[in-house]
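Remarks on the overall topology
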Amino acid sequence: MRARRQAGQDSATELLATKGLRVTRQRLRVLEALADERDDATAQQIHSRLRSGDQRVGLATVYRTLALLSELGVVDALAHSPGELCYRLCGAGHHHHLFCSSCHRVVELIDCDIDAWLEEVATDHGFVATDHQLEVTGVCAACRDATTAPASR
Ligand SMILES: [Zn+2]
Ligand SMILES: [Zn+2]
Ligand SMILES: [Zn+2]
């Protein structure tokens, strides 16, 4: 089984190679920046991170690179924030996400157990299910604690 989070230059290089992508300095920088994210990041956020790390990569290049990488399935593009795509470097294979609407925490759900249910409901409608996506929006434990904590501080 592949490591859950790709990190470091070697694995970024390897990841690009397995997708048949030419390894360029910009692609490596973008992938490495994304690998450092616990949750997800927008193109803007990746761009400002690269700039603060003294990497000279243009915003347009970051947008283009992320779009290409998500098209090829290297990174996930998450549409849970209105008007803005968030990107995440996840493990390989079919999975889903839990998303905290309050703090952007993203949890990767490796085990998908909905095929049996899906097959049943699809069959009821004469469908053969070939693929599915599922994004779950909610509130993470830390944010729930913050809202239920006593206000006397
Ligand atoms: Zn993912
Ligand atoms: Zn949260
Ligand atoms: Zn699934």
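Residues numbered from 1 in each chain as written. Chains lettered and ligands numbered in written order. Predicted model: local features only at pLDDT ≥ 70, side-chain atom pairs only at ≥ 80, totals over all residues.

**Observations concerning the overall build of the protein**
The helix and strand tally for the protein stands at six helices and five strands. Starting at the N terminus and ending at the C terminus, the protein contains elements arranged as α-α-α-α-β-β-β-β-α-β-α. Judged by the C-alpha coordinates and their principal axes, the protein covers about 55 × 50 × 30 Å. Counting all 153 residues of the protein, 20% fall into the buried class. (Helix = DSSP H or I, 4+ residues; strand = E, 2+ residues; numbered from the N terminus. Buried ≥ 20, exposed ≤ 12 C-beta atoms within 10 Å, placed from the backbone.)

**Focus: the confidence of the model for the protein**
Summing up the model confidence of the protein, the mean pLDDT is 88 and the portion of residues at 70 or higher is 91%. For the protein, the element scoring lowest by mean pLDDT is helix α1 (residues 8-18), at 81; helix α4 (residues 59-71) scores highest, at 95. Counting interchain partners and residues more than four positions distant, the pLDDT-below-50 stretch residues 1-7 has eleven contacts. (pLDDT = per-residue confidence, 0-100. Contact = placed C-beta atoms within 7 Å.)

**Some words on the domain arrangement of the protein**
As far as domains go, the protein holds domain 1 (1-91) and domain 2 (93-153). Contact with domain 1, which involves seven residues of that partner, is made by eleven residues of domain 2. Here the side of domain 1 that touches domain 2 is composed, by residue class, of two nonpolar, two polar and three charged. (Domains from an automatic or database assignment. Nonpolar A, V, L, I, M, F, W, Y, C, P; charged D, E, K, R; others polar.)

**Let's talk about the sheet that holds strand β4 (residues 106-109)**
Pairing is mixed across the open sheet formed by three strands, whose spatial order is β4-β3-β5. Edge positions in the sheet fall to β4 and β5 (135-138), since each has one partner strand and no second. On average, each strand axis in the sheet is inclined to that of its neighbour by 20°, with strand direction left out of account. As defined by bridge partners, strand β3 (residues 96-100) adjoins β4 across four bridges and the pair is classed as antiparallel. Of the residues in β4, the one forming a bridge with Leu 98 is Val 107. (Pairing = 2+ DSSP bridges. Axes fitted to C-alpha atoms, helices over the stretch in contact; angles between N-to-C directions.)

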